[in-house]
Amino acid sequence: MSRLFLVLTLTIAFASLSGPATGKEISSAEVYAEAVRIEKEMELLKTYLHVSETKPVASVNAMLLPRHVWQKCYLIQLKINVFRRQHGFPVLSTQAMEPVRDLEPLMNYEQTQRLLTEIGLLKVRLDISDQVPPQQVVPGMTPMDVFNKLNFISMQWDVINRSEIIPSDVYTEVKRVDDDVDAILNHLKIQDTAYPPAKVADALSADVLASAFAVMTEVQRLQQMAGQPRIDFDVFRKKEDALPSDVLNMVSMVLAELQTLKAHLGLVHVLTPAAEKQVEKSKTNVNQFLGYVANKLRLIRSL
C-alpha cells in the first residue's frame, strides 16, 4: 500500500470519526476543533522544517459570520500554495463556492477538511509520518473564535514560507473582486462608464487599506438596498501600522460580502473566478485598482 493512499485513507477515517453523521447540524465549536487540529498539523511541519519562530497575532473582537471564516480558510490555502511553489510541488487552484446569503458552519467544516487533506499531502511529500488525532470539541465557540484561530494559523504560514504578503498578492485578490463587480454590473445591464482615479504616488499600506474600506462602504450601501444587515468591520481599520496583509484581509472581507449581493440578485451559479497570480504590482497599483472598483460600484443606484 503506497504512503499516499495510506495518508488519504487515514485522513478520511479521522474525518469520519470527528465529523457529522448525515443530516447532523455542525456548530462553530466543531469547526473550531478542526481549526485546532490544523494548528497542530502546522506545528508538525514547523518542527520538521526547523522553524521555531511564532508570529504574534492580536485577536479581533467583531460580530463575524461563517462567511468570513470561509474566506480565512481560503487565504490559508493560498499560503499553502506559496509553500508548494517554493518547494517545487505542483500548485493547485484554490476553490470558490456558489454564492449564498447565509453560509452555514458546515461549509467551514468542509473547508477545514480540505486544509487537513492538503497538509496531509505535504506531509507525504516531506516524509512526515506523525499524525494528529481529532481534537476535543469545546462548547460555546463562535465564528469570531474560529476566525481568530485561523487568522493565527494564516500568519504562521508566513513564518513557514519565510515571506510576507506583498502588493502583488493583494492585487490578485482585488482582480477577483473586480470580476464579481463586473458580473453584477452585467446582470443589472449597467454599462461600465467608471474611470480609475488618479494614481497616488508612493501610496502607503494605510492609504490602500482606506481604499479597501471605501469599496466596502459601497458594498454595504448595496446590501442596505437589498435589506441585508451591515457588519461592522471597524476593528480592521489601521492608520499608521497597516501592512499589505491587513489590506488582503479587508479585500477578503469584501469578497465575502459580495457573495451575499450575488445571491440576492440570483447569481447563484456565478462563482468568483480563480486567482491569477500577478507580479510586479505596487501599492500604488493596488490603490488605484481599488478606487476603480469603488467607482464601478457607485454606478449602481438600485437593485
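This is a predicted model, so every value here is computed, not measured.

Visitor: What exactly am I supposed to notice about the overall build of the protein here?
Guide: Each helix and strand in the protein was counted, giving nine helices and zero strands. Counting from the amino terminus, the protein carries its helices and strands in the arrangement α-α-α-α-α-α-α-α-α. The C-alpha atoms of the protein give 20 Å as radius of gyration, which agrees with the globular expectation for 303 residues (19 Å, within 12%). The dimensions of the protein, computed from C-alpha atoms along their principal axes, are 60 × 45 × 35 Å. Sorting the 303 residues of the protein into buried and exposed places 53% on the buried side. Counting every atom, the protein has about 14300 Å² of accessible surface; 55% of that belongs to carbon and sulfur. Across the protein, the mean location of the 33 positive side-chain charges is 2 Å away from that of the 35 negative side-chain charges.

Visitor: Would you mind showing me how to read the environment of Ala33 here?
Guide: One can find Ala33 in helix H2 (residues 28-48). Classification of Ala33 by relative accessible area gives buried; the value is 2%. Residues Ala33 and Val138, 105 residues apart in the sequence, show an inter-C-alpha distance of 7.3 Å. Contacts of Ala33, omitting those with residues within four sequence positions, involve Gln135, Gln136 and Val137.

Visitor: When you look at the side chain of Asn161 in this model, what are you seeing that I'm missing?
Guide: If you trace the backbone, Asn161 turns up in helix H5 (residues 143-161). At 3.1 Å, the side chain of Asn161 forms a polar contact with the backbone oxygen of Lys79. With residues up to four places along the chain from it excluded, the contact list for Asn161 reads Lys79, Val82, Phe83 and Gln86.

Visitor: Would you mind going over the layout of surface pockets with me for this structure?
Guide: Once rolled over the atoms, a probe with the size of a water molecule shows which space is left empty. Considering only enclosed or pocket space, the largest pocket measures out at about 510 Å³ in volume. For the largest pocket, the lining is made up of 25 residues, of which Leu78, Val82, Arg85, Asp169 and Lys277 are closest to its centre. For the lining of the largest pocket, the secondary-structure elements that each account for two or more residues are helix H3 (66-86), H5 and helix H6 (167-187). It is H3 that contributes the most residues to the lining of the largest pocket, seven residues altogether. Residues that form the lining of the largest pocket fall into these classes: ten nonpolar, seven polar and eight charged. In this model, the second largest pocket occupies a volume close to 390 Å³. In terms of lining, the second largest pocket is formed by 21 residues, of which the most central are Asn151, Met155, Lys238, Ser245 and Asp246. Sorting elements by how many residues they give to the lining of the second largest pocket places helix H8 (residues 244-264) first, with four residues. Looking at side-chain class alone, the lining of the second largest pocket contains eleven nonpolar, four polar and six charged residues.

Visitor: What is the right way to look at the packing of aromatic side chains in this model?
Guide: The geometry of an aromatic ring pair is captured by the separation of the ring centres together with the interplanar angle, meaning the angle of the planes. Counted according to the given criterion, the structure contains four aromatic pairs. Aromatic side chains Phe83 and Trp157 sit 5.8 Å apart centroid to centroid with 80° between the ring planes, which places their arrangement in the edge-to-face category. You can see Phe83 sitting in helix H3 and its partner Trp157 sitting in helix H5, a full 74 residues away along the chain. Judged on exposure class, the residue Phe83 and its partner Trp157 are both buried.

Visitor: What am I meant to see in the confidence of the model for the protein here?
Guide: Low-confidence regions, as indicated by low pLDDT, have predicted coordinates that should not be scrutinised in detail. Per-residue pLDDT for the protein averages 91, and the proportion of residues at 70 or more is 92%. Averaged pLDDT values over the elements of the protein bottom out at 44 in helix H1 (residues 3-18) and peak at 98 in helix H9 (residues 283-298). Confidence drops under pLDDT 50 across residues 4-22; counting only partners more than four residues distant or on other chains, this segment forms 25 contacts.

Visitor: Can you walk me through the environment of Ile190 in this structure?
Guide: On the secondary structure map, Ile190 appears in the loop between H6 and helix H7 (205-225). For the pair formed by Ile190 and Leu299, sequence separation is 109 residues and the distance between their alpha carbons is 7.6 Å. Leave out the neighbours within four places in its chain, and Ile190 touches Leu185, Leu299 and Ile300.

Cut-offs used in this document
- Residues numbered from 1 in each chain as written.
- Predicted model: local features only at pLDDT ≥ 70, side-chain atom pairs only at ≥ 80, totals over all residues.
- Heavy atoms only, no water.
- Helix = DSSP H or I, 4+ residues; strand = E, 2+ residues; numbered from the N terminus.
- Rg over C-alpha atoms; globule rule 2.2 N^0.38 Å.
- Buried < 20%, exposed > 50% of the residue type's maximum accessible area, 1.4 Å probe, protein only.
- Areas by Shrake-Rupley, 256 points an atom, 1.4 Å probe, with all protein chains shown as cover.
- Lys, Arg positive; Asp, Glu negative; His and termini not counted.
- Charge placed at Lys NZ, Arg CZ, Asp CG, Glu CD.
- Contact = heavy atoms within 4.5 Å.
- Polar contact = N/O pair within 3.5 Å; in protein donor to acceptor, adjacent residues only side chain to side chain.
- 1 Å grid on protein atoms, 1.4 Å probe; cavity = no way out; pocket = protein on both sides within 12 Å on 5 of 7 lines; lining within 4 Å.
- Points joined across faces, edges and corners; volume = space filled by probe spheres on them.
- Nonpolar A, V, L, I, M, F, W, Y, C, P; charged D, E, K, R; others polar.
- Phe/Tyr/Trp six-rings, centres within 6.5 Å; stacked < 30°, edge-to-face > 60°.
- pLDDT = per-residue confidence, 0-100.

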